[in-house]
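Each chain, letter by letter, is given below.
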Amino acid sequence: MAHFHIIAGTGDKLDLPVIRTITVADLGLALRRGATDFWERPSHYAMLAVIYPIIGIVLTVWMNGFHTWTLLYPLIGGFALIGPFAALGLYEISRRREQGLDTGWTHAFGVFRSPAIGSIGAVAALLLVLFTLWLTTAQALYESLLGPVTPQTLDGLIVQVFTEPAGMTLLIAGTMLGGLFALITLCTTVIAFPLLLDRDVGAFVAVETSLRAVLKNPVPLLAWGLLVGAGLLVGTLPLFVGLAIVIPIFGHATWHLYRALVEQASEIRR
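How each quantity is defined
Residues numbered from 1 in each chain as written. Predicted model: local features only at pLDDT ≥ 70, side-chain atom pairs only at ≥ 80, totals over all residues. Heavy atoms only, no water. Helix = DSSP H or I, 4+ residues; strand = E, 2+ residues; numbered from the N terminus. Buried < 20%, exposed > 50% of the residue type's maximum accessible area, 1.4 Å probe, protein only. Contact = heavy atoms within 4.5 Å. Areas by Shrake-Rupley, 256 points an atom, 1.4 Å probe, with all protein chains shown as cover. Core = buried A, V, L, I, M, F, W, Y, C linked by side-chain atoms within 4.5 Å. Expected span 1.5 Å × (residues − 1). Salt bridge = Lys/Arg side-chain N within 4 Å of Asp/Glu carboxyl O. pLDDT = per-residue confidence, 0-100. Axes fitted to C-alpha atoms, helices over the stretch in contact; angles between N-to-C directions. Parallel < 35°, antiparallel > 145°, perpendicular 65-115°, else oblique. Left-handed = near helix turned anticlockwise from the far one by under 90°. Nonpolar A, V, L, I, M, F, W, Y, C, P; charged D, E, K, R; others polar. Phe/Tyr/Trp six-rings, centres within 6.5 Å; stacked < 30°, edge-to-face > 60°. Arc of directions from axis to C-beta.

1. Let's talk about the overall build of the protein
Phase 1 of the analysis: Check the secondary structure of the protein and you find 13 helices and zero strands.
Phase 2 of the analysis: When its helices and strands are written in sequence order, the protein yields α-α-α-α-α-α-α-α-α-α-α-α-α.
Phase 3 of the analysis: Looking at the 270 residues of the protein, the share that counts as buried comes to 46%.
Phase 4 of the analysis: When contacts within the protein are restricted to residue pairs at least 6 apart in sequence, those whose partners lie at least 24 apart make up 77%.
Phase 5 of the analysis: When the accessible area of the protein is evaluated, it comes to approximately 13,400 Å², of which 72% is carbon and sulfur surface.

2. Topic: the nonpolar core
Phase 1 of the analysis: In terms of nonpolar packing, the biggest core is built from 53 residues, with V190, F193, L221, W224, L257 and L261 touching the most fellow members.
Phase 2 of the analysis: Counting residues in hydrophobic clusters, the runner-up holds eight residues, among them W69, L141, Y142 and V161.

3. Some points on helix α8 (residues 165–189)
Phase 1 of the analysis: Relative to the 36 Å expected for 25 residues at 1.5 Å per residue, α8 spans 37 Å between its end C-alpha atoms, a close match to the ideal helical length.
Phase 2 of the analysis: Within the span of α8, buried status applies to A166, G167, L170, G174, G178, F181, T185, L186, C187, T188 and T189.
Phase 3 of the analysis: Lining the buried residues of α8 we find α4 (72–86), α6 (117–146), α7 (154–163), α9 (192–198), α10 (203–216) and α11 (218–236).

4. Overview of the pattern of salt bridges
Opposite charge on two side chains lets them pair, provided their charged atoms get close.
Phase 1 of the analysis: A full pass over the atoms with the stated rule returns six salt bridges.
Phase 2 of the analysis: Taking the shortest distance from any N to any O, the salt bridge between D198 and R259 comes out at 3.0 Å. Of this pair, D198 sits in helix α9 while R259 sits in helix α12 (residues 243–261), placing them 61 residues apart in sequence.
Phase 3 of the analysis: The closest approach of N and O atoms between R212 and E208, which form a salt bridge, is 2.8 Å. With R212 and E208 both in helix α10 and four residues apart, this pair spans about one turn of that helix.
Phase 4 of the analysis: Residues participating in the shared-partner salt-bridge network are D37, E40 and R97.

5. Describing the confidence of the model for the protein
Phase 1 of the analysis: With 81% of its residues at a pLDDT of at least 70, the protein reaches an overall mean of 82.
Phase 2 of the analysis: Mean pLDDT across the elements of the protein ranges from a minimum in helix α13 (residues 265–269), with 52, to a maximum in α10, with 95.

6. Concerning the environment of L154
Phase 1 of the analysis: Along the polypeptide, L154 turns up in helix α7.
Phase 2 of the analysis: A relative accessible area of 31% places L154 in the partly exposed class.

7. Comments concerning the packing of α4 against α11
Phase 1 of the analysis: Look at α4 against α11: their axes get within 10 Å of each other, and the N-to-C directions meet at 135 degrees. Between α4 and α11, the crossing angle belongs to the class labelled oblique. The hand of the α4/α11 crossing is right-handed. Residues I76, F79 and A80 of α4 lie in contact with α11, whose contacting residues are L232, L233 and T236.
Phase 2 of the analysis: Counted by class, the contact of α4 with α11 contains five nonpolar, one polar and no charged residues.

8. Things to note about the packing of aromatic side chains
Working definition: an aromatic ring pair is given by the centre-to-centre distance plus the angle between the planes.
Phase 1 of the analysis: Inspection of the entire model under this criterion finds five aromatic pairs.
Phase 2 of the analysis: Aromatic side chains F38 and W39 sit 4.6 Å apart centroid to centroid with 70 degrees between the ring planes, which places their arrangement in the edge-to-face category.
Phase 3 of the analysis: For the ring pair W134 and F181, a centre distance of 5.8 Å and an interplane angle of 55 degrees mean the geometry is tilted. Highlighted residues: W134 in helix α6 and F181 in helix α8, separated in sequence by 47 residues. Of the two residues, W134 and F181, both sit in the buried class.

9. Regarding helix α2 (residues 24–40)
Phase 1 of the analysis: Helix length check: α2 (17 residues) gives 25 Å between terminal C-alpha atoms against 24 Å at 1.5 Å per residue, within 8%.
Phase 2 of the analysis: Every buried residue belonging to α2 is among L27, A30, G34, D37 and F38, and all of these are buried. The buried residues of α2 occupy an angular sector of 95 degrees when projected down its axis, which confines them to one face. Among the exposed residues of α2, those oriented more than 90 degrees off its buried face are A25, R32 and W39.
Phase 3 of the analysis: In this fold, the buried residues of α2 make contact with α5 (88–98), α11 and α12.

Right under this line is the structure:
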């Protein structure tokens, strides 16, 4: 029964949330509210300002030592795949702020006490599978076009991509492939985690609701995906330092996007 609860949520039948229609203007409103949540007490993110640059430095040293520079671009793109889960604590802070509760940074860890933690873990496992498949596919694409021997420096990789005939093919095909993985992630998890924090509906309903939201609002949510992708790309350029600002703002904004997309349970009951 516990496994069924993780998939289908509590209750005797599925709780299928009602999806609203939104416009591109609602994206701007969600971003403004996300920025407001961020700037209310930005000291919460001092730790992030240290952690993300450290991650960038560790990845750089690791790729330099093991000559795996071919994974640099896929790893940067992979932030878009794991981003919905990485921002889990930010959704909780926005949820608490919305309810007028204390928003100290320690409450971000309250998600681990959520009744839906099993379902959250199931959706996170889905993202991990997608992330692993993306890295594996990207490496296979590189080897099929440029061979198994990889450059030992970042400069060597750049020269290889922009001077060899197959380099541009790799860049274009890799970008299109990454876009496909990002689209799958968008369709399955765009509001899955905020929904699970708000209502224990189960992993299946959370993913299904995200898909229905995209199908009902394709233009705004595709635009949202492009905004998030562009923001993460900009945030990773200065050795991942920008992610300390980009991820919190988009994380908080995703909670407000969820509120715009999904009717609250109390409204449905009325």
